[in-house]
Structures are given as C-alpha cells and as structure tokens.
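# Structural description and commentary
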Amino acid sequence: MAFSVGVVLFGIGLVAIAIRRDLVIKLLALGLTNAGSILCLVAVGDRPDARVPICAVCRDVIYADPLPQAVVLSAIVINFAILALALVFVMRLVEQYHSTDSRHIEDLVQRELDEGGDQ
Amino acid sequence: MILAVLPLSRFVLGLLCHLSERKARLLAVVGWCISAALTVLLILETRDGSTITVGLGGWPADLGIVLRFDAVSAAVCPLVLLLELAAILYVRKDAPRPLFYALLQFLLGAVFALLLSQDLFNEYVILELLTLVGFLLVGYDRRPAQVWASLKYLVLASVGMGFFLVGVAVVYRHTGTLNLGLLAGILADQPDAPWVVLAATLLTAGVAVKAGLFGFSQWLPAAHSAAPPAVSALLSGLVIKMGIVVILRLSQVFPLGATLQLLGAATALLGVVYAAYARNLKRMLAFSTLSQIGYLALGLAIGTPQALAGVLDYAIAHGLFKGLLFLAAGEASRAVGSGRFDDLVSKRAAIPNATVGALLVGTLGIVGLPPLAGFGAKAVLLGSHPNVFVATILVLTSIGTAFAFAKLLPLFRFRRAASCPSDRIAAYAVLALPILFFVPLTGVTLPSLQLGSGLRPLLVVESVGAIAIGVLLHRLSARRTPRLPRRIFFLEEAVLAILIGLLLVYLFLSV
C-alpha cells in the first residue's frame, strides 16, 4: 500500500516537472518525486503487524526491517541538500532574468550564447 | 583499511581546504600524493589478478557496505590521478578560488568511493554526491549560462536518481540484500522474474541519466560546454565514466546486453551527428563525449572479458584525450575571446603553440590514429569479435568523429605566437604523454587477452581508412552547417525523453 502511494507521488511529481514551466513549481515537484522514492524505500521494510524496530528485547516480537529505515536517512538529507542548492541557483537566475519561466530563460540563455560567441 | 582511507582522506582534506583557503593548493598536492601512494600499493598487491575486499564495520556482506578493489578500480585509479594532476597544474596560476579546491577534493573522494563500492545504496549516495559537487563546479563562475546548465543537470540527475532509488527498493524487497556480489548469485537462480526486469529497468535508466547516454543525458552538452575548462575536463574525462562503471557493475548482475546495444548505438550515432554540426569548440567536444560514451556502452553490450577490458582501456584513453582537449579548448577560447570555430580560425594567431600542440595530440588520439591511445584501446574493443551490427556502428562512429574533428584542421599551424605559462604546458604534458605512449593497461595485467597479431594490420587499415574517409567527407561537404533541432535539450523535453527512454528500456528488457 505505502509502496504504491510512493509510486503515485513519484509519478505526479514527474509529470509536473515535465509540463509546468515555472521553476519554483518544478522544484516543488522535484521534492514530491524525492518524497515518493523515499516512501517506496521505507515501505519495503514493512511487515504485517510490525512494530517500530527500537527495542531492548525483541526476540519474540515482529518488528519492521531496520535497514531501509537506516539507509533512507541519507537519501532524505541528500534530497534536502539538492532542493536547497537548486533554489539558490533559481534565485540567481531570477536576479539575472527577472523570470522563473524555464522556456523564457532557455531562450534568453541561447540568445546570449549565440550573440556573445561565449566560451 | 587502506581501502577506506583512499576515499575518506579526500573528504577530510576537502574540509581542511575549506577551513584554510591559503593552504588549499598545498593540501591539493598532499591529497594527490596520498592517493597516488595508496593506488600504487593496491595495484602492486593485486597485480596477480586478485581482489581486496573489506566489509566496513565488521558487518556481514548482506547487511553492511562492502568495498572491493578489483580490476575495474585498478584500471581507472591511474586515470583519476593523471586527470587530477593535470587539473591542479592547470588552475595553479589562476586567481584564488574560494571553495574550488574543497569541491575538487570532494569530487575525487566520491570518484574513489564509487570505484570501490559494491553496494547499490552506497552507489546511489555517491552518485548523488557527484551530482551535487558537479552541479556546484559547473556553475562555479556564476555566469547565467553556467547557472542554467547546472540547474538543468541537477533536476535531471535528481529525477534519474529517483528512479534508481525506487529500483534499489524493488531489489531490496525481493532479495533482502543490496550487495552486488550476493545479488549476482541470487539472480542466477531466477533470471526471468518480472521484478528483475522492473529493477533492471529502473536502475539502468537511473544511471543512464548520469552516464551520458543519449535521450537520458540531455543536460550534458550544455553543462560540459559551459563549465570552466578544468571542470569540463574532470566531468567529461572522469565523472561521466563513473556512470559507465556503475552500468558495468549492473551488467554483471542483470542481463542488459541487448538494451545496452540499442542505447549505445543511438548514443554513438546521434552524438557524433550533433558533434559534426556544432559551431562551438567546447560544444563539439561535449557532443563527442556523448558519442564516445555510446562506444563504451556498445563494448559493455558485447560483454565478453576481452570486450570489458577494451571498455576499460577505451574509458581510460577517452579520459586522457578528452581531458586534454577540454583543457586546451578552454585556453584557446580564452586567448581568442570566443569558442566559435569561425572566430578560432580567423584569430588563430592568438593561440599559443603549446595549446595548438595539445589540441593536435588530443585530436589524433580521439580519431584513433595508430599507435596513439585511441587506436590502442579501440583495437582491443574491435578485436573482441563484436557482432556485425556493433562493428558497423563502431566504424561509422570513427568516421563521424574524424569528420567532426576535421573542423579543427585549419588551427594546426605552428607560428610565433603568445607564449604559454609553464604550468599549462606541464598540465598538457601530463595527459599528452600517456596518449602518445599508450599501453592498453588491461593488456598488461591480463596478457591472455592480448590481441592475436594477425588482426592488427587489418585494424590499422580500418582505423586509417576511417580517418581518411572522415576528412574527405569534410572536404566534400558543403560549407554551411545545418541547424539541428535544439529543443530536445530543453528541460521539459529532456524529462519526457527520460520517460520515453525508460519505457523503451522496459519493453526491450521484457521481450
């Protein structure tokens, strides 16, 4: 169940990245895809009637697989870093072009490259 | 123990570089020396073909992270060291660059870590780290074109890595391990299970975004041509190969042969077509990188031990000459004030002789003139008995590469020109000498894989013939260059291309 929710979130984010032209919305959608993929990974550790894998004596209880929960922390941190850095760069582009429209920025950058004979 | 030090020392040094900017240059040299010493030690220890394996923290292999120094690491580590040395020498006399050396250390730490990693999730983390550092380095000078190129890189790579992570989840759900060695054993029992196809699709498509396969890596031309020269050299020579290393590791676990053949062929041909009609030197080099990655993917598709040896050789050779070409192209564009071919040719007197020499050596290497690096490596690849389809694509790509690089011919005139700083000459020499005196590394370590001597004359004829045909076609072709569609490199189209590519890979794998 959680796995399919993850896949759906991932898909929604992906479609939004592909069709929305506003860069801020694109980054929000990127956050959604990341959340989806992370949810998929956590969901893998689930077992029927499982408990949280924090226990002193857990010989006779069923607990969720701790490994996906441990590794997923790295993924969360990485995705946070990516979003933060990407937003900084979007700010830089907005300062330069006063726009968050990806197609508009693409055109302006291309024109600059064509005219300037840029390195 | 040594294995963990190899990448970790770079992360410590990166922090130190950040803390004391003044000592950063010295620390960069220290880092290089440490890695060089460790690499020599490891290669000597494994020269009989053995591998060194370490399970970190004493965990068993199915739970913990396993590092392994194998033939792939032994082959690629020297290339890492050479490219790093060239990059350090190249930027030595530039104005002080805050954070640059720290980022460089992180980049190389990640590269070494990936070469040792045998764990899928570990590889995911390292690939993301490479994305982040690469993103900061591409946008280093904060020019708008760079910022936009690196933002596109980040978004697309992040989408790709999302697929990879879901693939990791699928693998863990069905096998309970992420260790590649153990996975190979488990999959040998059930090669056709539906989840295997799904996992293979997600993992391959995810890495393909980082590895520079056409349709997946539409960010590459803009990012590699906009980045500062030393960064372009490292990204094109090294970082993009890390994706190929991961695909190599995946192809030893999952049955990817036919898919890689298709992707490789498309990448090799489309890359070279775009390279042939690029108007800007660095952009042409970036497209040529795409086509050469296709070459490597085709080699992986053949899949025999000799083909894999050829892939490693070609990856090293390509790292050397593409690194050299990017460094020299950066210098030439700066001297002329523009990177366009028209301007370069009309103002060629401003380009220093050493730079022209470096461009010449790089060009001769990449078109595969015997006995330089490009030929030596290609000979191993072509000598590994590919099928007719792969062989045809390989030859067509050689012709196309010669056609594309024939545009540089007017530049190769030596004259009295502005002199070149000695650091730059040293940087060129570090990369040019191995190109001139290239010995296929895998031929040394695995003598049984050396070519039969009967095939060699044929390969020389093929190679020289391809160059001749390419240059001839360039002479015959009309002077005006057609404009190829640019839209496929826009962000939205690139995301759609990844989705279509993913579906194609899935269809191809499930048939």
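Source: prediction; values computed, not measured.

### Here's the deal with the overall build of chain A
Regarding its fold elements, chain A presents four helices and zero strands. The secondary structure elements of chain A, listed N-terminal to C-terminal, are α-α-α-α. Taking 2.2 N^0.38 as the reference for a compact globule, 119 residues should give roughly 14 Å; the C-alpha atoms of chain A span a radius of gyration of 21 Å, well beyond that estimate. Over its C-alpha atoms, taken along the principal directions, chain A stretches across nearly 70 × 25 × 20 Å.

### With respect to the overall build of chain B
Scanning chain B from terminus to terminus reveals 21 helices and two strands. For 511 residues, the compact-globule formula gives about 24 Å, and the C-alpha radius of gyration of chain B, at 21 Å, lands near that figure. Dimensions of chain B along its principal axes, counting C-alpha atoms only, are 65 × 55 × 50 Å. The buried share among the 511 residues of chain B stands at 60%.

### Concerning the environment of Leu496 of chain B
Mapped onto the fold, Leu496 of chain B is located in helix α21 (residues 491–510). With 475 residues separating them in the primary sequence, Leu496 of chain B and Glu21 of chain B have C-alpha atoms 42 Å apart.

### Focus: the interface of chain A and chain B
With 37 residues of chain A in contact, the opposing surface of chain B contributes 36 residues. Where the side of chain A that touches chain B is concerned, the elements lending two or more residues are α1 (2–19), α2 (23–44), α3 (66–97) and α4 (102–116) of chain A. For the side of chain A that touches chain B, the element with the most residues is α3 of chain A, which contributes 15 residues. Looking at the side of chain A that touches chain B, its residues break down into 24 nonpolar, eight polar and five charged.

### Notes on the nonpolar core
Residue and element names in this part refer to chain B. By size, the foremost hydrophobic cluster in this structure holds 232 residues, and its most contacted members are Ala86, Leu107, Val168, Leu324 and Leu327. With 21 residues, helix α6 (residues 144–175) is the single largest residue contributor to this core. Summarising the domain contributions, this core has at least three residues from each of domain 1 (1–252 + 487–511) and domain 2 (256–477). Not counting residues up to four positions away in its chain, the partners in contact with Leu327 are Ala86, Tyr90, Pro229, Ala230, Ala233, Ala358, Ala427 and Tyr428.

### Here's the deal with the domain arrangement of chain B
Residues and elements named next belong to chain B. For chain B, the assigned domains read domain 1 (1–252 + 487–511) and domain 2 (256–477). Facing 45 residues of domain 1, the contacting portion of domain 2 comprises 47 residues. Elements that contribute at least two residues to the side of domain 1 that touches domain 2 include exactly α3 (71–91), α8 (194–211), α9 (220–226), α10 (229–251) and α21. The greatest single-element share of the side of domain 1 that touches domain 2, amounting to 14 residues, is contributed by α10. Among the residues forming the side of domain 1 that touches domain 2, the class breakdown is 31 nonpolar, 10 polar and four charged.

### Here's the deal with the confidence of the model for chain B
Residues and elements named next belong to chain B. Residues at a pLDDT of 70 or more form 96% of chain B, whose mean pLDDT is 88. Confidence drops under a pLDDT of 50 for residues 445–449, and excluding neighbours within four residues, the segment shows 10 contacts in the predicted structure. In the predicted assembly, ipTM is 0.94 and pTM is 0.93.

### Considering the packing of helix α11 (residues 257–276) of chain B against α21 of chain B
All names here are of chain B. Contact geometry for α11 and α21: axes closest at 9 Å, N-to-C directions at 140 degrees. The angle between α11 and α21 places the two elements in the oblique class. In this structure, the crossing between α11 and α21 has a hand that is right-handed. Mapping the contact onto sequence places Ala258, Thr259 and Leu262 in α11 and Val505, Phe508 and Leu509 in α21.

### Describing α3 of chain B
In an α-helix there are 3.6 residues to a turn, and that puts residues three or four apart on one side. Taking 1.5 Å per residue, 21 residues should reach 30 Å; α3 of chain B reaches 31 Å between its end C-alpha atoms and fits that length. Of all 21 residues in α3 of chain B, 17 are buried, a share of seventy percent or more.

### Details of helix α13 (residues 305–336) of chain B
Residue and element names in this part refer to chain B. Taking 1.5 Å per residue, 32 residues should reach 46 Å; α13 reaches 46 Å between its end C-alpha atoms and fits that length. The buried count for α13 comes to 29 of 32 residues, which makes it a mostly enclosed element. Phi turns positive, to about 90 degrees, at Gly337, one or two residues after α13.

Definitions and limits used
- Residues numbered from 1 in each chain as written.
- Chains lettered and ligands numbered in written order.
- Predicted model: local features only at pLDDT ≥ 70, side-chain atom pairs only at ≥ 80, totals over all residues.
- Helix = DSSP H or I, 4+ residues; strand = E, 2+ residues; numbered from the N terminus.
- Rg over C-alpha atoms; globule rule 2.2 N^0.38 Å.
- Buried ≥ 20, exposed ≤ 12 C-beta atoms within 10 Å, placed from the backbone.
- Contact = placed C-beta atoms within 7 Å.
- Nonpolar A, V, L, I, M, F, W, Y, C, P; charged D, E, K, R; others polar.
- Core = buried A, V, L, I, M, F, W, Y, C linked by C-beta atoms within 7 Å.
- Domains from an automatic or database assignment.
- pLDDT = per-residue confidence, 0-100.
- Axes fitted to C-alpha atoms, helices over the stretch in contact; angles between N-to-C directions.
- Parallel < 35°, antiparallel > 145°, perpendicular 65-115°, else oblique.
- Left-handed = near helix turned anticlockwise from the far one by under 90°.
- Expected span 1.5 Å × (residues − 1).

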